[in-house]
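Spelled out, the chains give:
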Amino acid sequence: MSPLCLIVDDSRVIRRMAADILKGLGLRTAEAEHGGKAVEFCRTTVPDMVLLDWNMPEMDGITCLRELRAMNLEPRPVVVMCTTENGMSKIREALEAGADEYIMKPYDQSVLLDKLMQVGLVEQA
Amino acid sequence: MDDLLQEFLAETAESLAVLDVELVRFERESSDATILSNIFRLMHTIKGTCGFLGLPRLGAVAHAGENILGKFRDGELEVTPLAVTLILKAIDQIRVLLAEMETTGIEPAGSDAGLIDEINAVASGGAPAAAAAPAQEISMDGPHFSDAGFPVAAELLVEVAHALKHETAAAEPVFEAPVAEPVHAPEPVRAPEAARAPEAAATSRDSEAKEPNTANSSIRVNVDVIENLMTLISELVLTRNQLLQMQRGQKDNEFKVPLQRLSHITSDLQDGVTRMRMQPIGNAWNKLPRIVRDLAVSTGKKIELNMQGAETELDRQVLEMIKDPLTHMVRNSADHGIEDGIQRLAAGKPETGTIALDAYHESGHIFIRIADDGKGLDLERIRAKAIANGLTTEAAIAGMSEQQILQFIFRPGFSTAEKVTSVSGRGVGMDVVRTNIERIGGTIELSSVAGKGTTFLIKIPLTLAIVSALIVEANKQRFAIPQLNVVELVGVSDRSEARIETINTSPVLRLRDRLLPLVSLRGVLGLEQGTKNTDRFVIVAHVGASTFGIIVDRVFDTEEIVVKPVAPLLRGTPFYVGNTILGDGSVIMILDPNGLSQAAGQIEGADQAAAQGKGGRAGLLGGDQASFLLFRTAGSELKAIPLELVARIEGLEAASIEHVGGRHVVQYRDHLMPLVPFDDSHQWKETGQQEILVFSDNGRSMGLAVDEVVDIVRDRMAIELNSARPGLLGSAIIAGKAVDIVDIGHFLTQAFNDWFEITNQQSLARHALLVDDSPFFRNLVAPLLTSANWKVTTATDGVEALKLREAGHQFDVIISDIEMPNLDGLELASAIRNDPRWNKVPLIALSSHAEEGDIDAGRQAGFDEYLAKSDQTRLTENLARVLRMAGRGETNDNMRRAS
């Protein structure tokens, strides 16, 4: 079965956009509109990858990331933080909290494909 | 349009609505970090999404807004009303752009540089100068700057570019942006880029991969789908009713139990779908904080808007209907109700005014209260305005209670605002508010205490699509009356205590010591009158502030009916709100109680009756009233004339009146108009204004010179005959005063006999016979005929009329009363039709009984036309029309056809 990617973003538009790209790359997708929903989802289904937005209501991305890592999910999902917050301190904060990669918003298919290859979810072309 | 773009428009619109509310909250509680971070996030999301979709112009505006919000958040900038106004402006601009995108599907070309510069100037701590100072302090790692977000690899280069030309950074088209190209353009007009957006967005490809269930517990459904579902449920309800109807006549059989289940499930389904259509009323309130806030800023007042029960749900159709009225009323409260701070302090009230909105459910209705603690409605001004706008007269308003005077604000053509401000005065008045609310079966009540404030209470049904209705029958046709309007049912017959009485031809019901005006469904809908069956029912209905009775033949049970809009053909009639299909499959009309009550002219009548404060029997019986013009002449006593007879009231310059050959004339509309003084003692003025009552007919006019026009009043005609003096019919009590009723016929002959002698000679060849035992009506109708250039002969009953025939008189028209001593009108008509001497003469009946088969009886007896005495206006009109035809010598057949 193709890898499952959980898209966590408060914008329906962005979720759908990301889902379209990921499906185009052959992945399965699921969506959550904030961190809390993502954590809930992971309790029943462990995704292969989480595409995690930073700025969200209810539970923001960094808190979500910490919670996910604290859950010790098996197999450990790859977490890609998506953010416009590109200050070094923010990136460091994300990496320390357990993010595997981060990606700048807005991204497009090729950028996302790069990341997926880097984390090994998509074969090198 | 691109799906994704549509989704974006919807999502952004939602975010903007929240932003509006939150920003106003934030302005008040600027220390609340949660509100601010929420605002920041929303704006940030809009900007971010613009980035994805390649909407540079929109993104630039959002970026500027986010930038300044970021400064608030980081404590770099103090929250000022100016700054908030600018953010609100940015939100408005985003809305404008979205609206355009909604129609065109692409981001409009152009630039918002002005607004953005203004915002940036404030953001950098300066005044909103037209040209922005470059915000050099934005550093490489600042949180608010490189969010244009280029692919990571390109980031460094871009940042360098930003540092050079940062102010355009936000405006960058961000999709696959080549680094070198864009940054130079100061005005990012990039049509090609925008055009590329859909393409870029359309990266979706169908994937076979199955999607696991999403974490969302709610889904978005197109409104059309729900509407369609509602229609289907409606059909299901109809079918269920049909089945129940079939089962009702049967003995118990195997269908009974499943049918009951079907019935329950259908009801549950109906409830479910109805609930699906429900939306919180807060959706209609979203814009209000912003409106109040803007108003407060522009008028310099301090106003707080408290909203309670925003989660109260109601049908979205209803919600749409009340949105504008609510907005208008809140706007009114803020604009006119709440005083400015100084006035409030002077009145011992807190400086900040409060408008409270409150919504709650109660007994199948939703109640919305709009209360302000302002100065209350100004009774004096309403009174003055009502009179000035001709809505009432001083005499009538003198006896009115405060509550009745307040009601004038709901009348068309009324607006309390003395000057039209930029805020109110948009052509929507409280009359429109009331009409809108009543259209959906709601009511609006008003209370106001001077100096304390005004409160409106709106009561509306939860849903419109399926209503409970009472099925009634008139003339073997069934009709539905919305149960909402029905107060009680009264069975009436000659034997029962409740009886239909007739006071001056208007039916009334004496119900618990109250006189209830009635309207007959047969009469009003023009159904056949049929036999006089005295066992009938009166539906006591309540519309707005008035209560009246509807006479029907039978009453069936109540039924849940599905309201279908009325066919376009019938839209002109005021009596129907729609139609529906009953359980037995028959299609019936749904009556509009509002229209029925207006048809009976009751609302006004009831108001006035109460105003007269003495039981107001006359007022309650709307039908027999007439308007009178009151005036004074040389003598001091008041004179009255039925208003229908007066064409115009003119104030003429005394100097323009000429004296020719012993007569006074004036040039009036390119003709010489003769002027007649009321009596010889009249003093023609040398200077100043001369009041003239103009009477017109067939293009000719005469003027009656009077000293002063006093008033126009509505009252019942109760004449006590006493016509000793020429020019007067007698005296009567009108509006509580004794007045002389003027015989205009007298003056018409004075003016025309000499002046238009030739014309008269010719026209007097037309000769009318007027048969009526009532001297009052003879005296009322004769002048009408005279003024239309008829020579009039009168007879007091049928016998006297036939004597004229024996004497060899010939007439061009015969107008006769029905109820007369010796030989009544019907017998007279038969006698006339059965004798060759007069059998070609047009015959007009004039009766106080113009229903219940009277008209048919009259036609059978040989009358060509049947006119009701009670309706003054129509009497005048119809008589004039019929006379014109008779005067032209048209045949009876033509007349029949024309009538």
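The structure displayed is predicted, hence computed values, not measured ones.

Caption draft 1: Just the sheet that holds strand β4 (residues 353-362) of chain B, in detail. All names here are of chain B. On the basis of which strands lie adjacent, the open sheet formed by five strands has the order β2-β4-β5-β7-β6 and mixed pairing. Edge positions in the open sheet fall to β2 (303-308) and β6 (443-449), since each of these has one partner strand only. Each strand axis lies, on average, 10° off the axis of its neighbour in the sheet, ignoring direction. Bridging between strand β5 (residues 365-372) and strand β7 (residues 453-461) involves eight bridges; their strand directions are antiparallel. In the sheet register, His365 faces β7, and the bridge partner there is Pro461. Against the sheet, helix α12 (residues 316-337) touches β2, β4, β5, β6 and β7, its axis set at about 15° to β5. Across the face of the sheet, helix α17 (residues 430-439) comes into contact with β6 and β7 while running at roughly 140° to β6.

Caption draft 2: The arrangement of the state of the cysteines in detail. Residues and elements named next belong to chain A. For the structure shown, the criterion picks out zero disulfides over all chains. This cysteine, Cys5, is not joined by any disulfide, and Cys82 carries the nearest cysteine sulfur, 8.7 Å off. Not engaged in a disulfide, the cysteine Cys42 finds its nearest cysteine sulfur in Cys64; these two sulfurs lie 7.0 Å apart. Judged by relative accessible area, Cys42 falls into the buried class, the value being 1%.

Caption draft 3: Fine view of unusual backbone geometry. The amide bond that connects Glu74(A) to the next residue, Pro75(A), takes the cis arrangement and shows omega of -15°. With respect to the helices, strands and loops of the structure, Pro75(A) is situated in the loop between α3 (61-70) and β4 (78-83). Despite not being glycine, Glu58(A) shows a phi value in the positive range, around 65°. When you line up the elements, Glu58(A) lands in the loop between β3 (49-53) and α3. Within the chain, Asn822(B) stands out as a residue other than glycine whose phi angle is a positive 65°. Inspection of the secondary structure assignment puts Asn822(B) in the loop between β34 (813-817) and α26 (825-833). On the basis of relative accessibility, which here comes to 65%, the residue Asn822(B) falls in the exposed class.

Caption draft 4: Region of interest: the packing of aromatic side chains. All names here are of chain B. Going through the model one piece at a time under the given rule, you end up with four aromatic pairs over all chains. Here the aromatic rings of Tyr360 and Phe367 are separated by 5.5 Å at their centres, their planes lie at 10°, and the arrangement is stacked. Residue Tyr360 is classed as partly exposed on the basis of its relative accessible area, which comes to 23%. Note on Phe367: relative accessible area 11%, which makes it buried.

Caption draft 5: Spatial organisation of the pairing of strand β1 (residues 4-8) of chain A. Residues and elements named next belong to chain A. Within β1, five of the five residues are buried, leaving the element largely enclosed by the surrounding structure. The two faces of β1 match: Leu4, Leu6 and Val8 on one face and Cys5 and Ile7 on the other face are all buried. The pairing of β1 with strand β2 (residues 28-32) spans five bridges and is parallel. Across the sheet, Val8 pairs through a bridge with Ala32, a residue of β2. Read as a crossover between parallel neighbours, the route from β1 over helix α1 (residues 12-24) to β2 is right-handed. Bridge analysis of β1 against β3 gives four bridges, and the strand direction is parallel. Directly across from Ile7, in β3, lies its bridge partner Leu51.

Caption draft 6: Representation of the pattern of salt bridges within the structure. Residues and elements named next belong to chain B. What the rule picks out here adds up to 38 salt bridges over all chains. Across the pair Arg290 and Asp92 runs a salt bridge, and its minimum N-O distance is 2.6 Å. Linking Arg290 in helix α11 (residues 288-299) with Asp92 in helix α4 (residues 81-104), this pair joins segments that are 198 residues apart in sequence. Judged by relative accessible area, Asp92 falls into the partly exposed class, the value being 29%. The salt bridge involving Glu339 is made with Lys349; its shortest N-O contact spans 2.8 Å. One end of the pair, Glu339, is in the loop between α12 and α13 (341-346); the other, Lys349, is in the loop between α13 and β4, and ten residues separate them in sequence. Accessibility classification places Glu339 together with Lys349 in one group, the buried group.

Caption draft 7: Spatial organisation of α11(B). All names here are of chain B. An ideal rise of 1.5 Å per residue puts 16 Å on twelve residues; α11 measures up with 16 Å between its terminal C-alpha atoms. Taken as a whole, α11 has its buried residues at Leu288, Pro289, Arg290, Ile291, Val292, Arg293, Leu295 and Ala296. Where the residues of α11 are buried, they touch α1 (3-28), α4, α10 (282-285), β2, α12 and β4. At the exit of α11 stands Gly300, carrying a positive phi of roughly 75°.

Caption draft 8: Region of the structure containing the sheet that holds β4(A). Residues and elements named next belong to chain A. Strand order in this open sheet of five strands is β2-β1-β3-β4-β5, and the pairing throughout is parallel. Here the strands that pair on one side only, and so sit at the sheet edges, are β2 and β5 (101-104). With direction set aside, neighbouring strand axes in the sheet form an average angle of 20°. Bridge count between β3 and β4: five bridges; the pairing is parallel. Opposite Asp53, over in β4, you have Cys82 as the bridge partner.

Reading the values: rules and limits
Residues numbered from 1 in each chain as written. Chains lettered and ligands numbered in written order. Predicted model: local features only at pLDDT ≥ 70, side-chain atom pairs only at ≥ 80, totals over all residues. Heavy atoms only, no water. Pairing = 2+ DSSP bridges. Helix = DSSP H or I, 4+ residues; strand = E, 2+ residues; numbered from the N terminus. Axes fitted to C-alpha atoms, helices over the stretch in contact; angles between N-to-C directions. Contact = heavy atoms within 4.5 Å. Disulfide = S-S within 2.5 Å. Buried < 20%, exposed > 50% of the residue type's maximum accessible area, 1.4 Å probe, protein only. Phe/Tyr/Trp six-rings, centres within 6.5 Å; stacked < 30°, edge-to-face > 60°. Right-handed = clockwise from strand over helix to strand, strands pointing away. Salt bridge = Lys/Arg side-chain N within 4 Å of Asp/Glu carboxyl O. Expected span 1.5 Å × (residues − 1).

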